[in-house]
Amino acid sequence: MASVPTKAGKVLLTKGAKRDPELYALLGVMCGIFGVAGYYFGRNPTSTTSEQKVAIASTPWSDSAKPDSTAKYQYHPNADPRNPPKDAPSALHSVVIPDVNLPKQLHEKYNKWGKEGF
């Protein structure tokens, strides 16, 4: 059961407010922040995933009509099945070879390409 505010409680609250008046400004700022956050999350709640649906045109392992083809994934542009399918880009789209000249000793020490376990 909630207690009725007493005169001593009001005096204590007034005394604390007179000692630290900057708490009023802080209270206003915090109320504003929570108000904006509540408004934002009320209108645009977050979702568990931000993935977009992609209309898949073909998958290489299930296309029995083209057994000798180069097996490319295909998709419909803009996820619209009315658009003609396009080949999906390769996962290994580009290779960057840095232009670095290292002494042979450092190259052997730090280059992990093609070594066991990497």
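Before reading on, note that the structure itself is shown above.
Residues numbered from 1 in each chain as written. Predicted model: local features only at pLDDT ≥ 70, side-chain atom pairs only at ≥ 80, totals over all residues. Heavy atoms only, no water.

A.B. asks: Honestly, the overall build of the protein in this entry has me stumped. Any pointers?
C.D. replies: Scanning the protein from N- to C-terminus turns up three helices and three strands. Written out in order from the N terminus, the α and β elements of the protein read α-α-β-β-β-α. Counting every position in the protein, which comprises 118 residues, the buried fraction comes to 6%. Across the protein, contacts joining residues at least 24 apart in sequence account for 7% of those joining residues at least 6 apart. Entry remark: accessible area of the protein is about 11,600 Å², with carbon and sulfur atoms responsible for 61%. (Helix = DSSP H or I, 4+ residues; strand = E, 2+ residues; numbered from the N terminus. Buried < 20%, exposed > 50% of the residue type's maximum accessible area, 1.4 Å probe, protein only. Contact = heavy atoms within 4.5 Å. Areas by Shrake-Rupley, 256 points an atom, 1.4 Å probe, with all protein chains shown as cover.)

A.B. asks: Teacher, can you tell me more about the packing of aromatic side chains here?
C.D. replies: Here a ring pair, both rings aromatic, is described through the centre-centre distance and the interplanar angle of the planes. Tallying each qualifying case throughout the model produces one aromatic pair. Their ring planes at 70° and their centres at 5.2 Å tell us that Y40 and F41 sit as a pair that is edge-to-face. (Phe/Tyr/Trp six-rings, centres within 6.5 Å; stacked < 30°, edge-to-face > 60°.)

A.B. asks: Help me understand the side chain of H76 in this model?
C.D. replies: Along the chain, H76 turns up in the loop between strand 2 (74-75) and strand 3 (86-87). According to the relative accessible area criterion, H76 is buried, its value standing at 13%. Polar contacts involving the side chain of H76 include one to the main-chain carbonyl oxygen of N83, which spans 2.9 Å. (Polar contact = N/O pair within 3.5 Å; in protein donor to acceptor, adjacent residues only side chain to side chain.)

A.B. asks: Explain helix 1 (residues 7-19) to me, please; I cannot follow it from the model alone.
C.D. replies: A turn of α-helix holds 3.6 residues, and therefore any two residues three or four places apart point the same way. Counted at 1.5 Å a residue, the expected span for helix 1 with its 13 residues is 18 Å, and the 18 Å between its end C-alpha atoms agrees. Where burial is concerned, little of helix 1 is hidden: one out of the 13 residues are buried. (Expected span 1.5 Å × (residues − 1).)

A.B. asks: Sorry if this is basic, but what is going on with the environment of D87 here?
C.D. replies: Among the structural elements, D87 can be located in strand 3. Through-space distance from the C-alpha of D87 to that of Y73 is 5.9 Å; in sequence the pair is 14 residues apart. The contacts of D87, once residues within four sequence positions are left out, are K72, Y73, Q74 and Y75.

A.B. asks: Honestly, a nonpolar patch on the surface in this entry has me stumped. Any pointers?
C.D. replies: On the surface, L23, L26, V29, M30, I33 and F34 cluster together into a nonpolar patch covering about 580 Å² of accessible area. Classification of L23 by relative accessible area gives partly exposed; the value is 46%. (Patch = residues over 30% accessible without salt bridge, like charges linked within 9 Å, V, L, I, M, F, W, Y side chains within 5 Å. Salt bridge = Lys/Arg side-chain N within 4 Å of Asp/Glu carboxyl O.)

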